[in-house]
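Summary of structural features
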Amino acid sequence: MNTEEINTKIELTEAAIDLYIEDEYSIPNLIKKTGKTASEIYTLFPNKNSILKFYYPSLVIRYRAMINEIDDFDSYSISEKLSNFAFTLFDMMDERRKFAEDTFEKYEWKCTSKSEFQMEIKSLLKDFFTSDGNIATSAGFFIGDWFYASLKTQFLFLIKFWLEDDSDSRERTFALTDKITGFIEELVYSKIVDKGFDLAKYSLSAFGLSKQVEDFNDWVSSWFEDEPEVEVEIEDDEEEETDSKKTSD
């Protein structure tokens, strides 16, 4: 999908959400509001409900575009990147908070399959970690698919917490976000285990066990080999709109 199509999808989704908030969401009203034809809309979306659902993955798409404009973003620490992502998500969702309050739990929090939003979050987080030169070598022991899936769940939890936070200026959400991202940075930046590995290799070499050192290096390197990803086909839990329904809308 090219940039123009993505931008059109985002435009349609934001217009649809504005109509939803006004309790006036329908395809005819969306056509009137955006000037798009029914054919153009259904070329990009399979049904009316999928237009609303696209709001969540569009947040990550928009965020990627934002950070591309930040010249020194790559120099941010991992906690700074994670916090920046979380706080930016909160700001973007606050613009249409009523919609998020009505739909987040149904569309994302209680989603039994991998949604597009969840896959976008996981992909972004993986980019953060694989491009960070400060990650400890030993962190490769636990950084993998399950690690990114766990982080993705943490971000879903933070959004849910933010939506339910009634503290002044939602200060509890910001404090929790700082604690979580700070802990993650301590976890993946710690060099203590790396130094232990260096000591083990030096000790083996000191006793003339060069072959064991090679085996040790191969063992550590094996931690960083990516497991092949399995494609998962996700079925929309809503029935597809029929051609006759599209015509009537």
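The structure we're discussing is the one just above.
This section reports on the structure supplied with the text.

Criteria and thresholds
Residues numbered from 1 in each chain as written. Predicted model: local features only at pLDDT ≥ 70, side-chain atom pairs only at ≥ 80, totals over all residues. Heavy atoms only, no water. Helix = DSSP H or I, 4+ residues; strand = E, 2+ residues; numbered from the N terminus. Buried < 20%, exposed > 50% of the residue type's maximum accessible area, 1.4 Å probe, protein only. Axes fitted to C-alpha atoms, helices over the stretch in contact; angles between N-to-C directions. Parallel < 35°, antiparallel > 145°, perpendicular 65-115°, else oblique. Left-handed = near helix turned anticlockwise from the far one by under 90°. Contact = heavy atoms within 4.5 Å. Nonpolar A, V, L, I, M, F, W, Y, C, P; charged D, E, K, R; others polar. Salt bridge = Lys/Arg side-chain N within 4 Å of Asp/Glu carboxyl O. Core = buried A, V, L, I, M, F, W, Y, C linked by side-chain atoms within 4.5 Å. Patch = residues over 30% accessible without salt bridge, like charges linked within 9 Å, V, L, I, M, F, W, Y side chains within 5 Å. Areas by Shrake-Rupley, 256 points an atom, 1.4 Å probe, with all protein chains shown as cover. Lys, Arg positive; Asp, Glu negative; His and termini not counted. Charge placed at Lys NZ, Arg CZ, Asp CG, Glu CD.

What follows covers the overall build of the protein. The number of helices and strands found in the protein is 13 helices and 0 strands. Moving toward the C terminus, one meets the helices and strands of the protein in the order α-α-α-α-α-α-α-α-α-α-α-α-α. A buried classification covers 41% of the 249 residues belonging to the protein.

Turning to the packing of helix α8 (residues 116-130) against helix α9 (residues 145-164), a few remarks are in order. Axis separation between α8 and α9 bottoms out at 9 Å; the angle between their running directions is 120°. Between α8 and α9, the angle is such that the two are oblique. For the pair α8 and α9, the sense of crossing is right-handed. Residues F117, Q118, I121, K122, L125, K126, F129 and T130 of α8 lie in contact with α9, whose contacting residues are D145, F147, Y148, A149, L151, K152, F155, L156 and I159. The residue inventory of the contact of α8 with α9, partitioned by class, reads 11 nonpolar, 2 polar and 4 charged.

Turning next to the packing of helix α6 (residues 78-94) against α9. Packing of α6 against α9 leaves a shortest axis separation of 11 Å and a crossing angle of 40°. With respect to α9, the element α6 is oriented oblique. Relative to α9, the crossing made by α6 is right-handed. Across from L82, F85, A86, L89, F90, M93 and D94 in α6, the residues of α9 making contact are F155, L158, I159 and W162. Partitioned by chemical class, the residues of the contact of α6 with α9 number 10 nonpolar, no polar and 1 charged.

Let us look at the pattern of salt bridges. In total, this model carries 13 salt bridges according to the counting rule given. Across the pair D94 and R97 runs a salt bridge whose closest N-O atoms are separated by 3.7 Å. Exposure remark for D94: the relative accessible area of 37% places this residue in the partly exposed category. The class for R97 is buried, based on a relative accessible area of 13%. Here the salt bridges share partners, and the residues they tie into one network are E14, D18, R62, E95 and R96.

Now for the nonpolar core. A general trend in soluble globular proteins is that nonpolar side chains are found buried together. Ranked by internal contacts, the top residues of the largest apolar core, which has 58 residues, are L30, Y56, F85, F128, F129, I143 and V188. Residues contacting Y56, with those up to four places away along its chain left out, are M93, F99, A100, T103, F104, Y107, E108 and F117.

The next thing to look at is a negative patch on the surface. Taken together, the side chains of E69, D71, D72 and D74 present a region of like negative charge at the surface. Tracing the chain through its elements places E69 in the loop between α5 (55-67) and α6.

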